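Geometric and topological summary
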Amino acid sequence: DLSSGINAEYGAIEHKLRFSMDFSKVYWNSKLGTEHRRVVDCIPTGSIVLDMFCGIGPFALPLAKKGCRVHANDLNPESYKWLLKNVSLNRIPSQHITCYNCDGREFVRNFAGPIDHVIMNLPASATHFLDVFRGLYSGS
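What comes next concerns the included structure. (Residues numbered from 1 in each chain as written. Predicted model: local features only at pLDDT ≥ 70, side-chain atom pairs only at ≥ 80, totals over all residues. Heavy atoms only, no water.)

It is worth spelling out the packing of aromatic side chains at this point. Using the criterion set out here, one finds three aromatic pairs in the structure. On the basis of an interplanar angle of 65 degrees and a centroid distance of 4.9 Å, the ring pair of Phe-53 and Phe-129 is categorised as edge-to-face. With Phe-53 in the loop between strand S3 (48–51) and helix H2 (60–65) and Phe-129 in the segment after strand S6 (117–119), this residue pair connects regions lying 76 residues apart in the sequence. With respect to burial, Phe-53 and Phe-129 carry one shared label: buried. Here the basic side chain of Arg-105 rests over the ring of Phe-129, its NZ or CZ set 4.5 Å away from the ring centre. (Phe/Tyr/Trp six-rings, centres within 6.5 Å; stacked < 30°, edge-to-face > 60°. Helix = DSSP H or I, 4+ residues; strand = E, 2+ residues; numbered from the N terminus. Buried < 20%, exposed > 50% of the residue type's maximum accessible area, 1.4 Å probe, protein only. Lys NZ or Arg CZ within 6 Å of the ring centre and 35° of its normal.)

The next subject is the sheet that holds S3. Overall, parallel pairing links the four strands, which are arranged S5-S4-S3-S6 in an open sheet. At either end of the open sheet lies a strand with only one pairing partner, and these are strand S5 (97–100) and S6. Strand-to-strand, the axes of this sheet are offset by a mean angle of 15 degrees, without reference to chain direction. Relative to the sheet, helix H3 (residues 77–89) contacts strand S4 (69–73) and S5, its axis offset from that of S5 by approximately 160 degrees. (Pairing = 2+ DSSP bridges. Axes fitted to C-alpha atoms, helices over the stretch in contact; angles between N-to-C directions. Contact = heavy atoms within 4.5 Å.)

Here we come to the pattern of salt bridges. A complete count under the given rule lists four salt bridges for this structure. One salt bridge in this structure joins Arg-37 and Asp-41, with 3.4 Å as the shortest N-O distance. With Arg-37 and Asp-41 both in helix H1 (residues 33–42), this residue pair falls four residues apart, about one helical turn. Across the salt bridge formed by Glu-78 and Lys-81, the nearest N and O atoms sit 3.4 Å from each other. Of the two residues, Glu-78 and Lys-81 both sit in helix H3, three residues apart, roughly one turn of that helix. For Glu-78, a relative accessible area of 21% gives the class partly exposed. (Salt bridge = Lys/Arg side-chain N within 4 Å of Asp/Glu carboxyl O.)

As a further point, take the side chain of Glu-14. Checked against the element boundaries, Glu-14 lands in strand S1 (residues 9–14). Here Glu-14 is in contact with Phe-19, Trp-28, Gly-33, His-36 and Pro-58, once residues within four sequence places are set aside.

Working note: α-helix, 3.6 residues per turn, so residues spaced by three or four point in the same direction. Taking 1.5 Å as the rise per residue, H3 with 13 residues should run 18 Å; its terminal C-alpha atoms sit 18 Å apart, in good agreement. Within the span of H3, buried status applies to Ser-79, Trp-82, Leu-83, Asn-86 and Val-87. Buried residues of H3 fall within an arc of 145 degrees about the axis and therefore sit on the same side. Residues of H3 that are exposed and point more than 90 degrees away from the buried face comprise Pro-77 and Ser-88. Tucked inside the fold, the buried residues of H3 contact S1, strand S2 (17–22), H2, S4 and S5. Sitting at the amino-terminal end of H3 is Asn-76, which places a side-chain oxygen 2.8 Å from the backbone nitrogen of Glu-78. (Expected span 1.5 Å × (residues − 1). Arc of directions from axis to C-beta. Polar contact = N/O pair within 3.5 Å; in protein donor to acceptor, adjacent residues only side chain to side chain.)

Residues Leu-61, Leu-63, Val-70 and Ile-97 are the most contacted members of the largest nonpolar core, which totals 27 residues. For this core, the secondary structure elements donating two or more residues are S2, H1, H2, S4, H3 and S5. When residues in this core are grouped by element, the largest group, four residues, is from H2. Those residues within four positions of Leu-63 in sequence are excluded, and the remaining contacts are Val-40, Ile-43, Val-49, Cys-68, Val-70 and Ile-119. (Core = buried A, V, L, I, M, F, W, Y, C linked by side-chain atoms within 4.5 Å.)

Structure (structure tokens):
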């Protein structure tokens, strides 16, 4: 029982990357490693990626490590804190990742620059955010 005051800090290794977290405050599912790898493998090295709901970085970190330019965002301040820690822990070069802590719509609206891929890993409600893209990238 996590509410009993037990230290919920946890470490995981996924695809040769280390992830630290307090799983009483952030989301992590160790059974999703295959899906994380499948998505990462589909995105070419050098791509510019927006990860709108990145959590502690299961897509963002391996993409940045393979040479993509990742803009990783999460609204949860705890997820953002652990994302920053995991970027440092895995020695991800700053030219490959920039981290944000804001609302997903605000993140997309304020992003200036080209985008090759968008990751919206928020299964229950990602579709509610699709409206933010309407008209942003037409004609490209």
